[in-house]
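Coordinate inspection notes
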Amino acid sequence: FADGGGVLTESKFMCPSCKNVLMENDEHYVCECGCNIPKVLCKKKIAEQFIEEILYDGATSREVHGFISKKNKPFSAKLALSADKKRIEFLFSDK
């Protein structure tokens, strides 16, 4: 289940889907069950604090700022685990 970003090593995080240890490289936290949590999302490096909140609480406690859209526009959003607990999704607030 190797992915781009170099050699995989054990991380300090558990997979939210199957509870195995997540492996990590320079770009992702990954698991053989298909879980793939990027370390950079929309040109924004995701702080380890937010990764921890997503994995253990299901979502960030607040909006994360500094994302850049495909149209090169800045935006903010909370981050949450998908329903299958294998990837990250954006949660946008109703303003």
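Residues numbered from 1 in each chain as written. Predicted model: local features only at pLDDT ≥ 70, side-chain atom pairs only at ≥ 80, totals over all residues. Heavy atoms only, no water.

**Overview of the pattern of salt bridges**
All told, the structure shown has 3 salt bridges when counted by the stated rule. For Lys39, the salt bridge identified is with Glu24, shortest N-O distance 2.5 Å. Placement of the pair is Lys39 in the loop between β4 (36-38) and β5 (40-41) and Glu24 in strand β2 (residues 21-24), with a sequence separation of 15 residues. Exposure class is identical for Lys39 and Glu24. Each is buried. Residue Arg87 is joined to Asp84 by a salt bridge in which the shortest nitrogen-to-oxygen separation is 3.0 Å. Arg87 gets classed as partly exposed once you look at its relative accessible area, which sits at 43%. (Salt bridge = Lys/Arg side-chain N within 4 Å of Asp/Glu carboxyl O. Helix = DSSP H or I, 4+ residues; strand = E, 2+ residues; numbered from the N terminus. Buried < 20%, exposed > 50% of the residue type's maximum accessible area, 1.4 Å probe, protein only.)

**Things to note about the packing of aromatic side chains**
Aromatic ring pairs are defined here through the distance separating the ring centres and the angle between the ring planes. One pass over the full model with this rule turns up 7 aromatic pairs. For the pair Phe13 and Tyr56, a centre-to-centre distance of 6.3 Å together with 55° between the ring planes defines the contact as tilted. Within this pair, whereas Phe13 is found in strand β1 (residues 9-14), its partner Tyr56 is found in helix α1 (residues 48-57), the two being separated by 43 residues in sequence. For Tyr56, a relative accessible area of 45% gives the class partly exposed. (Phe/Tyr/Trp six-rings, centres within 6.5 Å; stacked < 30°, edge-to-face > 60°.)

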